[in-house]
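# Remarks on the overall topology
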Amino acid sequence: MKIATFNINNVNKRLKNLVGWLAKAEPDVVCLQELKAEHASFPAKELRELGYEAVWQGERSWNGVAILARDCEPVLIRSSLPGESGDRQARYIEAAVNGVVISSLYLPNGNPQPGPKFHYKLAWFERLITPRR
């Protein structure tokens, strides 16, 4: 299974780049970060026409993550990082693809330090490394 990751930095503005890269690289699974698109504006139809099904968590203007799978449908497991029900930032998604659990994540930057963004980053990392069942 060929797995790739791509920080797309706005999936709709760079869809042509993504389509060209998918045709050239032919990955089986793609993890996208920084979609910068609301959930409803994700280009699922265009990707499906290329043979990729997707699960995604969008966010207007910021963040956003997705998992694309070629010739199969990814099975969504989680659409957010567990541990903080009030966290609405679209930074984590997890899906099963042909029996393999795949996670796509977009790490918080944390600048400036010290400050609320830095504290959010540290707390996010703690949630990421906390064992889950």
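All values reported here derive from a predicted model rather than from experimental measurement.

## Section: the sheet that holds strand β7 (residues 100-105)
Judged by pairing direction, the sheet is antiparallel, and its three strands sit side by side in the order β5-β6-β7 without closing on themselves. Single-partner strands in this sheet number two, and they are β5 (75-78) and β7. Averaged over all neighbouring strand pairs, the angle between strand axes comes to 30°, with direction disregarded. Here three bridges tie β5 to strand β6 (residues 92-97), and the two strands are oriented antiparallel to one another. Residue pairing across strands places Leu76 opposite Ala95, the latter belonging to β6.

## Some points on helix α3 (residues 116-129)
The end-to-end C-alpha separation of α3 is 20 Å, in line with the 20 Å expected for 14 residues at 1.5 Å each. The inward-facing, buried residues of α3 abut β6 and β7.

## Examining empty space enclosed by the protein
Considering all chains together, one arrives at one cavity of 30 Å³ or more under this definition. Of the voids in this model, the largest cavity is the one considered here, and its volume is about 30 Å³. The wall of the largest cavity is formed by Ser80, Leu81, Glu84, Asp87, Gln89, Trp124 and Arg127. The class makeup of the residues in the lining of the largest cavity is two nonpolar, two polar and three charged.

## Some remarks on the layout of surface pockets
Counted as a void, the largest pocket has a volume near 330 Å³. Looking at the largest pocket, it is lined by 15 residues, and the ones nearest its centre are Asn63, Gln89, Arg91, Asn109 and Lys117. A class-by-class count of the residues in the lining of the largest pocket yields five nonpolar, five polar and five charged.

What counts and how
Residues numbered from 1 in each chain as written. Predicted model: local features only at pLDDT ≥ 70, side-chain atom pairs only at ≥ 80, totals over all residues. Heavy atoms only, no water. Pairing = 2+ DSSP bridges. Helix = DSSP H or I, 4+ residues; strand = E, 2+ residues; numbered from the N terminus. Axes fitted to C-alpha atoms, helices over the stretch in contact; angles between N-to-C directions. Expected span 1.5 Å × (residues − 1). Contact = heavy atoms within 4.5 Å. 1 Å grid on protein atoms, 1.4 Å probe; cavity = no way out; pocket = protein on both sides within 12 Å on 5 of 7 lines; lining within 4 Å. Points joined across faces, edges and corners; volume = space filled by probe spheres on them. Nonpolar A, V, L, I, M, F, W, Y, C, P; charged D, E, K, R; others polar.

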